[in-house]
Every structure is written in C-alpha cells, then in structure tokens.
Amino acid sequence: MLVYNSQHHKKEELIPIEPGKIRMYVCGPTVYDHIHIGNARTFLSFDVIRRYLQYKGFDVTMAQNLTDVDDKIINRAHEEGRSSAEVAEEYSNAFIDIMHRFGVEDPDIRPRATQEIEAMQDMILTLIQKGHAYVAANGDVYFSVRSDKNYGVLSGRELDQLRAGERVEVNEDKRDPFDFALWKSAKPGEPSWPSPWGEGRPGWHTECCAMIHRYLGTPIDIHGGGQDLVFPHHENETAQAMCAWDAPLAHAWMHTGMLRVDGEKMSKSLGNFYTLKEVLDKYPADAVRLLMLQTHYRAPLDFSFSRLDGTLGTLERLRGCVRNLMWAAQNSAQPTRELTNSDTSLAAAVAQARTDFVAQMDDDFNTAGGLAAIFTLTTAANTYLDQHMGSVVASVATDAANTLVELLDVLGINLSESIHNELPAELITLSASLANYAGTSTDEAAQALLNARQQARAEKNWALADSIRDAIAELGLTIEDTAAGPRLTVKGRAARG
Ligand code: AMP
Ligand code: ZN
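Thresholds, definitions, all that
- Residues numbered from 1 in each chain as written.
- Chains lettered and ligands numbered in written order.
- Predicted model: local features only at pLDDT ≥ 70, side-chain atom pairs only at ≥ 80, totals over all residues.
- Heavy atoms only, no water.
- Pairing = 2+ DSSP bridges.
- Helix = DSSP H or I, 4+ residues; strand = E, 2+ residues; numbered from the N terminus.
- Contact = heavy atoms within 4.5 Å.
- Axes fitted to C-alpha atoms, helices over the stretch in contact; angles between N-to-C directions.
- Phe/Tyr/Trp six-rings, centres within 6.5 Å; stacked < 30°, edge-to-face > 60°.
- Buried < 20%, exposed > 50% of the residue type's maximum accessible area, 1.4 Å probe, protein only.
- Lys NZ or Arg CZ within 6 Å of the ring centre and 35° of its normal.
- Donors = N, O, S within 2.8 Å, 3.2 Å for Na, K, Ca; no water.
- Tetrahedral: all angles 85-135°; square planar, octahedral: opposite > 155°, others 65-115°.
- Near = heavy atom within 4 Å.
- Polar contact = N/O pair within 3.5 Å; in protein donor to acceptor, adjacent residues only side chain to side chain.
- Areas by Shrake-Rupley, 256 points an atom, 1.4 Å probe, with all protein chains shown as cover.

Draft legend 1. View of the sheet that holds strand S12 (residues 264-265). If you walk across this open sheet you meet the 3 strands as S12-S11-S13, and the pairing is mixed. The sheet is open, and its two edges are formed by S12 and strand S13 (301-303), each paired on a single side. Two strands pair when backbone bridges link them, and strand S11 (residues 259-261) and S12 are joined in this way by 2 bridges, in the antiparallel orientation. The residue bridging Arg-260 from the neighbouring strand is Lys-265, located in S12. Against the sheet, helix H1 (residues 37-55) makes contact with S11 and S13, and its axis sits at roughly 145 degrees relative to S11, the strand it touches most.

The structure is reproduced here in structure tokens:
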C-alpha cells in the first residue's frame, strides 16, 4: 500500500512498525464552537483511511484529542459569563454527537487536554533537563527552536528564512520569535493548574505530543490533520518528540487539503461559512460523505450546495440498483436457467470492481477512484437488470448487490441499512387490518398486502382491492408492476437509476 508522506513529499510503502498493526493519531478540534464542514472533511478523510486499513486486515488503534483548554474557549466563556469548563463540555458533546451523525467512528482513545496535565508536565521537565526548553521571566516555559538542529524537518523550512509574526506569536519573553510556549503562566480568570513553574496551563503543541507518547507510544505509524497544521503545529510536535525522546513522532505524516465553498476560502466574513450540523440538518450524512469522497483527500475540495443536491441523485441511483438486485434475486430467480453471457459478464464486472476498488484505495486512499469502480459496477448491474429483471440468476444478482454494499461500507456509506428501513413501520398495522397478517417485518407486511390485493382482484372484490391500494398510497408508496410481479416502492423515487 502506498501512502503519501508529506514530510518526504512522496508516496511511500506503508510498512507498519509492528507487523499487522497501525497506530494512528489525528489532531482533534478545539471545542469552542460547532465544527465547520472543513473540519468535517478532515475527520471524514481519516475515518475512511482507518476503515480501509481495517478492511485490509490491520489492527488499527486510533487516538484523537479534544483541545478543551485554549484562548478561544476562554474568550467565549468570558463573553458568555460562564466557565471555560462549561463551554468545553458543551462543544465536546456537540462534536461527539455530530461525528456520530456523520458516521465517523469513535477513536479508540479520546484524551482531553485538561485530563493530561501530568503527562505534559513530565514532557516539559524532560525538555528543560535536556536543554531544549527554558523558563522565561513571566513564568511561561518555551521550547527553544535554536536548540533543535532538526527544526524545520517536517515542513521543510529553514529557521532563518521564516519571518516572525506570521502565525507565530511575537513576545519579548522569548529568546527567538519562533520559540513556542510549552506552558503558559496563568492570567487572572483563566483556568490553571499548579506546576513546578507556577500556576498555568499547557500550550497546544504540547498536548498532542504528550498524549501520543502516553497512549500510543512513539513513534506512531500515521499522524494526520489538515494541511494548515503542518506549520507550526506539527513541526512543533515533532520537534518536541525528537528532543524529548530521541525518536521521531510519526513515520508517515498525512495531511488533508482544505475545503473551499463555491471556489472560495470558507469564512464568516464572506458569508459562506457552514457548520456540519446545519448541513446535516438538511442533507443525509451519506450524501455529504459521497460528495467529499469524490475528491482525493489531499486535493482541495470544492463544496457547493448544487453539487450536494446532485449527490442525492447519485445516492438514489446506488440505492435503487442494490434494491432492484436484491428484489430480483428474491422474486425472479431462475435456479435452473443456464448461465448466459450477461450473467457471466456481470460476474466478471463484480470481480473487476473489487480489484479496481482495492487498487485505487491502495494507492494513497484514492476514494474518488474507488467510487468510480463502484459506479462502473452499478452501470453493469443496471444493464443486467434491464435484460433479466424477470429471470435473474440469484447468486449473480446477490453477489453484485453484496459487493456494492460491502465496498460502500468501507467508505462508511451504509446502503443496506437505508434500504432495509425504507418501508414505513405503519405497513405492519395496515397489513394486520387489511390482509389479516400480523408479521413483524415491513417486507413481509408489504408482501402480505400485495397478495391480499391480488386475491381481492381475482375474486372481483374491487372495493377491497382499491382500499388496499389507497391505504398503501397514503403511506407514500406506490405499487409497481415488474416482470417478477408487483412490489412496493417509495413514491416519487425512480425505481431504476
Ligand atoms: P481546528 O479545530 O481549527 O484545529 O481544526 C480541526 C481540524 O480541521 C484540523 O485538522 C484542521 O487542519 C482541519 N481544518 C480546518 N479548516 C479546514 C478546511 N477548510 N478544510 C479542511 N480541513 C480543515
Ligand atoms: Zn495536534
């Protein structure tokens, strides 16, 4: 498998540090507000990377922090007249909740900065002892970038070419403008903890590094985040690890491209800023995932609502295809029929889709290529159904459906669940009253109603047949006649994509 390592600017073979295992860390959010769709792009990318590594058989351990002490949290707390802890608690919960709604799996370990003070202080003490950090007159502790001959190794920057003031705090207590705070002395009204250097709180760069060391052990296989974190955050993380423990922090550094909206940088002042929550309140998570995964994770992602609307149709096409394959396999299978060319060519398309999907994903997690393999199989399956809707070979149709479901599941798009939950639960009561059949599944209830209607028509009981049809229509369903007999579909939804 090839993984693009941003430290070396090239794709490299993924060789796990421990055979069969991958330890990975993805920088988590600063919990002062709801996350935006740019943050979501990064978290989604690493969710899929993790899922694919698991699909390939790796035993993956993933950690992700919550930055729950930070200037932005403190400022918001002051503005709202509440404590930093309350603000952090609210937005930590909101983050975890929206990740669940987005289908992003929980990390195995989710450390919080405020609970890891001891691990951070241990690391700072080591850095001071080794001459890589110093206590300033104001009680801050700084990392001395000049003490680290490797500083700049990750982002490829030379210290002397960097200009002070650019994303780096200029401060007269520092020996060098690029020195960064490992520990910040407490100001009145700020959350603080006792330390050998007085009351204070940890710096942001210190947090991830100490947590990785504590929970995963250094070096780890993969460290991830958005491209904006390469400098100074990740540069500073790796500098601390190298100087404290004489080992790099990570083997592969992976960075996601930035999300843009309608071709522009997303910003509140441009009025094109969207939280993930507001998007998921209007669109299904699978549609948002599909849109984002159609761009390679390293490329900039162009988000727009018109693209997202288009994705709804794509999702429906995929769902319709799987639904029709499953339906045909159950209702129109011809066990004794001899295999025709179209059976064998669909079977070949299934095998090809699997091969192509894995080849694309093995090449630095090319989800766009992986999706293309899925779409090609969908087209082949639709052609097959056009020819054979009334007489499929069950194993061929089932294999195609299962393959689509399985490959989409690697991308965290769960088709079988949405297909399964498509028919409304009210069908069961309807079936009990009109078909005298009180089953437990909506599929069975649908079948019972269709049978009862057929029987009523055969008996020329038009009143009963019509009342069954009307009651079904009231639930937003239509009766569709197929070569394999009638079936229920959700109204307004194309049966074929
Ligand atoms: P933050 O809370 O700002 O540290 O951001 C959390 C994660 O989202 C980090 O990995 C950032 O690199 C990433 N991120 C921030 N803005 C964007 C964006 N526009 N597109 C993609 N990722 C982003
Ligand atoms: Zn980090």
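What follows continues from the structure just given.
Draft legend 2. Structural detail: the packing of aromatic side chains. Going through the model one piece at a time under the given rule, you end up with 11 aromatic pairs. On the numbers, 6.1 Å between centres and 90 degrees between planes, the contact of Tyr-52 with Phe-365 is edge-to-face. With Tyr-52 in helix H1 and Phe-365 in the loop between helix H10 (341-362) and helix H11 (367-388), this residue pair connects regions lying 313 residues apart in the sequence. Like Tyr-52, the residue Phe-365 is buried in the burial classification. Each member of the aromatic cluster is reached from another via a ring pair, and the members are Tyr-52, Tyr-55, Phe-357 and Phe-365. Against the face of Tyr-134 rests Arg-175, its NZ or CZ located 3.8 Å from the ring centre. The side chain of Arg-289 reaches across the aromatic face of Phe-102, ending 5.8 Å from its centre.

Draft legend 3. Examining the coordination of the zinc ion (ligand 2) more closely. For the zinc ion (ligand 2), every protein donor is listed as Cys-27 (SG), Cys-208 (SG), His-233 (NE2) and Glu-237 (OE), and the spread of their distances is 2.0 to 2.4 Å. Angles of 75 to 128 degrees at the metal separate the 4 donor atoms of the zinc ion (ligand 2), which places the site in the irregular class. The exposure class assigned to Cys-27 is buried, which follows from its relative accessible area of 5%.

Draft legend 4. Main features of the site of ligand 1. Around ligand 1, the surrounding shell holds 14 residues, and the nearest of these are Gly-38, Thr-42, Gly-226, Asp-228 and Leu-259. Contacts to ligand 1 include Asn-39, whose side-chain N or O atom sits 3.0 Å from an oxygen atom. The contact in question runs from an oxygen atom of ligand 1 to an N or O atom on the side chain of Asp-228, over 2.4 Å. In isolation ligand 1 has 490 Å² of accessible area, and contact with the protein removes 86% of it. Those elements that provide at least two residues to the shell around ligand 1 are H1 and strand S9 (220-226).

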